[in-house]
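Fold and geometry: a report
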Amino acid sequence: MSVSEQLFERAKKVIPGGVNSPVRAFQAVGGNPRFIAEANGSRITDVDGNTYIDYIGSWGPMILGHNHPAVLDAAVRAAKKGLSFGAGCPAEAEMAELVCRMVPSVELVRMVNSGTEAVMSALRVARGYTGRDKVIKFEGCYHGHCDSMLVKAGSGVMTSGVPDSAGVPEGCAKDTLTAVYNDLESVRKLFERFPGEIAAVIVEPVAANMGVVTPQEGFLAGLRRICTEEKALLIFDEVITGFRLGPDGAQGYYGVKPDLTTFGKIIGAGMPVGAYGGRREVMEMVAPVGSVYQAGTLSGNPVAMAAGLAQLHILEENPDIYRQMNAMGREFRARLRKIVEETGAPCQVTGTGSLSCLFFTKEPVVNYRMAKTSDTEVFGTYFRHMLDHGIYVAPSQFEAIFLSAAHKEEDLERTVAAVEEYFRRML
């Protein structure tokens, strides 16, 4: 029995399912999860000494790669001064200034501890600002595990086969309305059905929790137009895309300005952190200035702020990083599409920038319903093949492939070769 298997057996006795996040359990792909001992650059190494090219990157935030020297040094220096204060620290003010400078739609920002907390707080602010209760989300978009958002959610909820979570009271979800991603008419119909009742539309500008589904031309701009007309707020959930597609995230990449934005662990260089921010008049609803209460003892944690500042400063000062990563992503997808075309594999290659996905379906994927046509059993055989070849992709059909600045041409060549071998063997 491997060390990972031994640890998994131990964990199952004291942790539900042996994991602290469901997708880690490998239930969707078979086999036992790997327990990771260390990570550097584009590689991770498990407790049995196996090294893999990593395309998860802690689910996105390791945009510079694992254990970047400047980020590590900043975190260590901050930790030596104290792990937590429960009070203001210089780094959180600097972080807020940096976020507001990099993302033009953000005039005020509040630090929190996770993407889920950021979404939960942004929704509360939207409701407080508009005086309305209902919120529109999109089928297959995942916005964390807060009660009101676990309605037709994506990501791990899709692969576990549980469309909605037990334990969520009916009252918590009754004001959550669902529309179809890339379908503006489905949004308009909800506004017509509930006139004057919808506080906000929340969307992943690139839907990266049902695989990677990109916005069709005019979709995001159409949401902006509808929200403005209906006096509702547009919320971009940029927990994945924020500071990844570019220094100003998906909103800069696609040229659409939301009212509120949520960010995740990328602003902590992978440490547990999040933030939400937006227009000044909206964010001034937040206590202690306004009447919308939200608090957190560890918000603005000095170590997380130091690590995040180190990463964001590098990204801000080196825009070529984005050009190189996005070019690498385009080349990666082009190579995969060539393999699909040559082999006739029933597969769709999607993505944008440094985000990519292989959907195991013949159907073009533009929304949740199309994503669900994917053959998850075939994906499981693909996942195990890649793992056996030293390549670590997400253990779920409905997650992204994350490239980082640390990935090199040799990583892509090895990965593409493994994909081609799988497709030719499968057919």
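See the structure above.
Here is a short report on the structure shown in this document. (Residues numbered from 1 in each chain as written. Predicted model: local features only at pLDDT ≥ 70, side-chain atom pairs only at ≥ 80, totals over all residues. Heavy atoms only, no water.)

Counting its regular elements, the protein contains 15 helices and 14 strands. The globule rule puts the C-alpha radius of gyration for 427 residues at 22 Å, and the 21 Å found for the protein is close to it. Referenced to the eigenvectors of the C-alpha coordinate spread, the extents of the protein come out at roughly 60 × 55 × 45 Å. For the protein, with 427 residues in total, the buried portion stands at 56%. Across the protein, the fraction of contacts at a sequence separation of at least 24, relative to all contacts at a separation of at least 6, is 71%. For the protein, the exposed surface amounts to about 17800 Å²; the carbon and sulfur share of it is 51%. (Helix = DSSP H or I, 4+ residues; strand = E, 2+ residues; numbered from the N terminus. Rg over C-alpha atoms; globule rule 2.2 N^0.38 Å. Buried < 20%, exposed > 50% of the residue type's maximum accessible area, 1.4 Å probe, protein only. Contact = heavy atoms within 4.5 Å. Areas by Shrake-Rupley, 256 points an atom, 1.4 Å probe, with all protein chains shown as cover.)

Relative to the helices and strands, glutamate 5 is located in helix α1 (residues 3-12). In this structure the side chain of glutamate 5 is engaged in a polar contact, spanning 3.4 Å, whose partner is the side chain of asparagine 32. (Polar contact = N/O pair within 3.5 Å; in protein donor to acceptor, adjacent residues only side chain to side chain.)

Another aspect to go through is the sheet that holds strand β5 (residues 134-138). Read across the open sheet, the seven strands follow the order β4-β10-β9-β8-β7-β5-β6; overall the sheet is mixed. Because the sheet does not close on itself, it has two edges, and the strands there are β4 (108-112) and β6 (176-179). Each neighbouring strand pair of the sheet contributes to a mean axis angle of 20 degrees, computed without reference to strand direction. For strand β9 (residues 260-263) and strand β10 (residues 274-278), the ladder comprises four bridges, and the chain directions are antiparallel. Its bridge partner being in β10, threonine 262 is matched across the sheet by tyrosine 276. Sheet strands touched by helix α7 (residues 184-193): β5, β6 and β7 (198-203). Its angle to β6, the strand with the most contacts, is close to 150 degrees. (Pairing = 2+ DSSP bridges. Axes fitted to C-alpha atoms, helices over the stretch in contact; angles between N-to-C directions.)

Here the focus is helix α2 (residues 69-81). The terminal C-alpha atoms of α2, which comprises 13 residues, lie 19 Å apart, in line with the 18 Å expected from a rise of 1.5 Å per residue. Where α2 is concerned, the buried positions are Val71, Ala74, Ala75 and Ala78. Axial view of α2: buried residues confined to an arc of 95 degrees, hence all on one face. Opposite the buried face of α2, by more than 90 degrees, sit the exposed residues Pro69 and Lys80. The elements touched by buried residues of α2 are α11 (302-317). Note on α2: the residue one or two positions beyond its end, glycine 82, has a positive phi of about 135 degrees. (Expected span 1.5 Å × (residues − 1). Arc of directions from axis to C-beta.)

Let us now look at the pairing of strand β2 (residues 43-46). Across four bridges, strand β1 (residues 36-40) lies against β2 in antiparallel orientation. In the strand pairing of β2, glutamate 38 is matched with threonine 45. Turn length for the β1-β2 hairpin, with the two strands adjacent in sequence and antiparallel, is two residues, and the turn residue glycine 41 shows positive phi of about 60 degrees. Between β2 and strand β3 (residues 51-54), which follow one another and run antiparallel, lie four residues, and glycine 49 among them has a positive phi close to 90 degrees.

Turning to unusual backbone geometry, a few remarks are in order. Excluding glycine, a negative phi dihedral is what most residues carry, and trans is how most peptide bonds are arranged. Omega for the bond connecting alanine 287 with proline 288 falls within 30 degrees of zero, at 10 degrees, which places this linkage in the cis form. Relative to the elements of secondary structure, proline 288 occurs in the loop between α10 (280-283) and α11. One non-glycine residue, asparagine 67, lies in the positive phi region at around 60 degrees. Relative to the assigned elements, asparagine 67 resides in the loop between β3 and α2. Asparagine 67 sits in the partly exposed class, given a relative accessible area of 39%.

This paragraph deals with the packing of aromatic side chains. Following the criterion strictly, the structure yields 15 aromatic pairs and no others. Judged by centre distance (6.1 Å) and plane angle (75 degrees), the ring pair of phenylalanine 360 and phenylalanine 379 falls under edge-to-face. Here the residue phenylalanine 360 occupies a position in the loop between β12 (355-359) and α13 (368-371), and phenylalanine 379 occupies one in helix α14 (residues 376-388), the gap between them amounting to 19 residues. Phenylalanine 379 matches phenylalanine 360 in its accessibility class, with the two residues each being buried. (Phe/Tyr/Trp six-rings, centres within 6.5 Å; stacked < 30°, edge-to-face > 60°.)

Pairing within the open sheet is mixed, and its four strands lie in the order β1-β2-β3-β13. Unpaired on one side and paired on the other, β1 and β13 (391-392) mark the two borders of the sheet.

Further remarks concern helix α15 (residues 409-426). Here α15 spans 26 Å end to end across 18 residues, near enough to the 26 Å set by a 1.5 Å rise per residue. Along α15, the positions that sit buried rather than exposed are Asp411, Leu412, Thr415, Val416, Ala418, Val419, Tyr422 and Phe423. Buried residues of α15 fall within an arc of 160 degrees about the axis and therefore sit on the same side. In α15, the exposed positions angled more than 90 degrees off the buried face are occupied by Glu410 and Arg425. Where the residues of α15 are buried, they touch β2, β3, α12 (320-343), β12, α14 and β13.

What follows concerns the side chain of aspartate 46. Tracing the chain through its elements places aspartate 46 in strand β2. No salt bridge is formed by the buried aspartate 46. Its closest oppositely charged neighbour is arginine 34, at 4.2 Å. Separated by 2.9 Å, the side chains of aspartate 46 and tyrosine 52 make a polar contact. (Lys, Arg positive; Asp, Glu negative; His and termini not counted. Salt bridge = Lys/Arg side-chain N within 4 Å of Asp/Glu carboxyl O.)

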